[in-house]
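Observations on the three-dimensional arrangement
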Amino acid sequence: MSENSPDLEDDTGTFESGLPGFLGTIDVFISKVEAVMLAMGVILMATNTCANVIARFVFGEGMFWSGEVNRILIILVTFAGIGYAARHGRHIRMSAIYDAIPPKGRKVLMIFIALLTSVIMFFLCYHSVGYIETLYSRGRILPALGIEIWWIYIWAPVGFAITGIQYFLTAIKNITSKDVYLSTGVVDGYTDTESEV
């Protein structure tokens, strides 16, 4: 960066929870576990895909289990990622109406959005458990790896539950704080600079 460019906030550092005491410690722990799961999932997917391509070109035949491993990793990254995105206030927002209302209205709307999203996440968690029970009862297995297929979907209810908890805690944070929060540790606002516009 040049001397004249504005300092941009570094959001790649460690996560600091906005929750007090033991809840904050649990929040930080879950955040670290999610970050490791996401990083390892993406690295393993890339390694697996590259190794499969190399095997196909060098040996004329790919690794027969590669597609199933990537399927498992995509499911893991997707459902670990929704909680991570909620914790860091990174979900897509449609904010035209939200931005047009005054701060007190924004706070009320954010509490409503966080609570509604939390309820929806718990609803999806409940139904994903039912889906896993259905898969379990059918006894299907992955052909190449030979493991029961319901195991790979365990991350769906876990991800929905963690996201639901995160949005519920965001609603609590907004009820108990003066500012408007997108998550327990992210204050609402924009950091656009002239160079980004």
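Parameters at a glance
In this convention, every chain numbers its residues from 1, walking through the sequence in written order. Side-chain atom pairs in this predicted model are given and counted only at pLDDT of 80 or more, local residue features only at pLDDT of at least 70, and totals for whole chains, interfaces and linings cover all residues. Hydrogens are left out, water is left out, and the side-chain values use all remaining heavy atoms of the structure. What makes a nonpolar core is a set of buried Ala, Val, Leu, Ile, Met, Phe, Trp, Tyr and Cys residues whose side-chain atoms join them at distances within 4.5 Å. Burial here depends on accessible area, computed with a 1.4 Å probe over protein chains only, as a share of the maximum for the residue type. Under 20% is buried, over 50% is exposed, and the range in between is partly exposed. Every helix listed is a DSSP run of H or I at least four residues long, and every strand listed is a run of E at least two residues long, numbered separately from the N terminus. Here the expected span of a helix is defined as 1.5 Å times the quantity of residues minus one. In this analysis the local bend is the angle between axes fitted, respectively, to the seven residues ending at and the seven residues starting at the residue. UniProt positions are given in the numbering used here, feature names are shortened, and annotations may be inferred rather than shown by experiment. pLDDT runs from 0 to 100 and stands for how confident the predictor is about each residue. Should any heavy atoms of two residues lie within 4.5 Å, those residues are considered in contact.

This brings us to the nonpolar core. A general trend in soluble globular proteins is that nonpolar side chains are found buried together. Counting residues in hydrophobic clusters, the biggest one holds 15 residues, and the most contacted among them are Ile75, Phe79, Leu135, Ile149, Ile152, Tyr153 and Phe160. Breaking this core down by element, the ones donating at least two residues are α2 (66-87), α4 (103-138) and α5 (155-176). At four residues, the largest contribution of residues to this core is made by α4. Among the nonpolar cores identified, the runner-up in size contains seven residues, and Met45, Leu76, Val77 and Ala80 belong to it.

The end-to-end C-alpha separation of α2 is 31 Å, in line with the 32 Å expected for 22 residues at 1.5 Å each. Along α2, the sharpest change in direction is near 25 degrees and occurs at Gly81. One or two steps after α2, the chain reaches Gly89, where phi turns positive at roughly 65 degrees.

Here we come to the UniProt feature "transmembrane region" (unreviewed entry) in the chain. Summarizing the sequence annotation, UniProt attributes the feature "transmembrane region" (unreviewed entry) to residues 35-59, 71-87, 108-129 and 149-169 in the numbering used throughout. Structurally, residues 71-87 is divided into 100% helix and 0% strand, and its ends, taken at the C-alpha atoms, are 25 Å apart.

Quick look at the confidence of the model for the chain now. The predicted structure's coordinates, where accompanied by low pLDDT, should not be read in detail. When pLDDT is averaged along the chain, the result is 83, and 87% of the positions lie at 70 or above. Below pLDDT 50 for its whole length, residues 1-8 participates in three contacts with residues either more than four positions away or in separate chains. A low-confidence stretch, residues 192-197 (pLDDT under 50), is modelled with four contacts involving residues beyond four sequence positions or located in other chains.

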